Amino acid sequence: MEKIKPNKKQLEFLDWEFGIFFHFGIRSFYHGHKDWDGREMSPEKFNPETLDIYSWIRTAKMAGAKYTILTTKHHDGFANWPSKYTDYSVANTPWQNGKGDVVALYVDACHKYGMKVGIYYSPAQWGGKIKFDDPKEYDDYFINQITELLTSYGKIDYLWFDGCGSDGHEYDKDRIIKEIRLLQPEILIFDMWNPDTVWVRNEDGYADMESYVVGPLAPKNSLSADEGKYKFLPRECDMRMRDTWFDCEANEDTVKSLEELMGIYEYSVGRGCNLLLNIGPDSRGLLPEKDAARLLEFGNEIRKRYGNPLPFEDLTKNGNDYTLSVAFSNEPSNSSLLGRFLVNALVIEEDLTEGESVEEFEIYGDIPLYNYLCTLYRGKFIGHKAICRFPAISTNKIVVRILKSNGEPVIKSIKAFYIDK
């Protein structure tokens, strides 16, 4: 198969690796309400008196996230900005006497902390007196609101569409995508129609080992001219800190443990995908204390486990073998007098500039004195990053052997770790 190259912004997206999703809106003030339940939620109740989006973004930054996404309009139709095309927005709430703009505060906070700016928009909705009866009228409404979002706040890096509820409406895809690309040529679009990134197909954060980045465009994700074609499509794994997206339940007990989060990190980022972790700010306009503390704990644990690789020598290549060997002059505390390291994890990165190549590989640990390579791990695609865990071995040499590839692979980095867990 001919190698399919990514564009520059897709490579940059993969380097972001870890992002935070913020579900915040009218639902944050109506505990017990569910998606599509049709229960009225009056804007009169929207009043986050201590709203501090700067603290949201600061916490995300401290946890190591490089991008965030804010719900600008969820399925309920409530607009987190003063949209001219609906009465169901922050402009008709007591918050800041109807003069506030959540989206403006969010974008400013992202800029202050150097965070990539992502916005979520649900094309479908049940509230706000907007119906699907007239397809063109609805598309006009959709495009008008997206135009407000893409022209009022400067550069938006990422537009996250949610396809939920759109099955009953045939959008004018060509018109919509053309307008978006015209307004923000550098924007990344998630999953729907002519996408730059795609969903991993579950909301628990897990990617399969075969999470390759080149795949076919499904009909729902493509413009008519692109159906059946293959495209470089980075995958993103979205998931929740709690068992709900919004802070709309008394469910603090469902905040995920640190160990579960680390497993999800290794199943997502460790399988070449991006991880998007959701926290629902509460009705005060703050991140719930337990969620924020766990997020910071998570970020610290990622740095602890994968921030300091063992000091092997420079990577060498011989045919299909890439080898790390011990630098005897700089033995760490967990090495023996023979210059061995205790190793139980390898992080491999493929250079995807010219497309993805590796389709199958193995990892070996050298048994000193016997010139014997013990198989430690068998894997498939490497992609942006592969985190490979295996039982600990004391060795002075690690070999990564490429068994199958589409063209000549380019391995950018191999790092070895000992994770004391």
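Each chain has its residues counted from 1, following the order in which its sequence is written. The predicted nature of this model means local features are confined to residues of pLDDT at least 70 and side-chain atom pairs, given and counted, to a pLDDT of 80 or more, with totals for whole chains, interfaces and linings taken over all residues. Water and hydrogen atoms were dropped before computing side-chain values, which therefore reflect all heavy atoms in the structure.

(A) Seen up close, the sheet that holds strand β9 (residues 235–240). Here, strands pair whenever DSSP counts at least two bridges between them. Only DSSP runs of H or I covering at least 4 residues are called helices, and only runs of E covering at least 2 are called strands; the numbering of each starts at the N terminus. The 8 strands lie next to each other as β5-β4-β3-β2-β1-β10-β9-β6, forming an open sheet whose pairing is parallel. Looking at the sheet topology across the chains shown, the edges are occupied by β5 (188–190) and β6 (198–199). In this sheet, β9 lies alongside β6 in parallel orientation, the contact comprising 2 bridges. Residue pairing across strands places W199 opposite E236, the latter belonging to β9. Only heavy atoms enter the contact rule, under which two residues are in contact if any of them lie within 4.5 Å. A fitted line through C-alpha atoms serves as each axis, taken over the contacting stretch for helices, and the angle formed by two N-to-C directions is quoted from 0 to 180°. The strands touched by helix α6 (residues 258–268) are β9 and β10 (274–279); relative to β10, the strand with the most contacts, the crossing angle is about 145°. Its contacts with the sheet put helix α7 (residues 289–306) on β1 (18–22) and β10, and the angle it makes with β10 is roughly 160°.

(B) Fine view of the sheet that holds strand β13 (residues 341–350). If you walk across this open sheet you meet the 3 strands as β16-β13-β18, and the pairing is antiparallel. Here the strands that pair on one side only, and so sit at the sheet edges, are β16 (386–395) and β18 (411–417). Within this sheet the neighbouring strands show an average axis-to-axis angle of 25°, counted without direction. Of the pairings in the sheet, the one linking β13 to β18 comprises 6 bridges and is antiparallel in character. Across the sheet, E350 pairs through a bridge with I411, a residue of β18.

(C) Layout of the nonpolar core. Nonpolar core, defined: a set of buried Ala, Val, Leu, Ile, Met, Phe, Trp, Tyr and Cys residues in which side-chain atoms within 4.5 Å join the residues together. The buried label applies to any residue whose accessible area, calculated with a 1.4 Å probe on protein chains only, is under 20% of its type's maximum; exposed applies above 50%, and partly exposed to all values in between. Counting 78 residues, the largest nonpolar core has F161 and F298 as its most contacted members. Residue contacts for F161: discarding those within four places in its chain leaves Y121, P123, F142, I146, I180, I189, F190, M192 and W193. Grouped together as the second largest cluster of nonpolar side chains are 25 residues, F312, L346, V358 and A416 included.

(D) The arrangement of helix α2 (residues 53–62) in detail. The set of residues buried in α2 consists of I53, S55, W56, I57, T59 and A60. Against the buried residues of α2 lie β1, β2 (67–73), α3 (102–112) and α7. Its side-chain oxygen at 3.3 Å from the backbone nitrogen of Y54, D52 defines the N-terminal cap of α2. Where α2 terminates, the next one or two residues include G64, which has phi positive at roughly 100°. Counted as a polar contact is a pair of N or O atoms within 3.5 Å, where, for protein atoms, one must be capable of donating a hydrogen and the other of accepting one, and residues adjacent in sequence contribute only when both atoms are in side chains.

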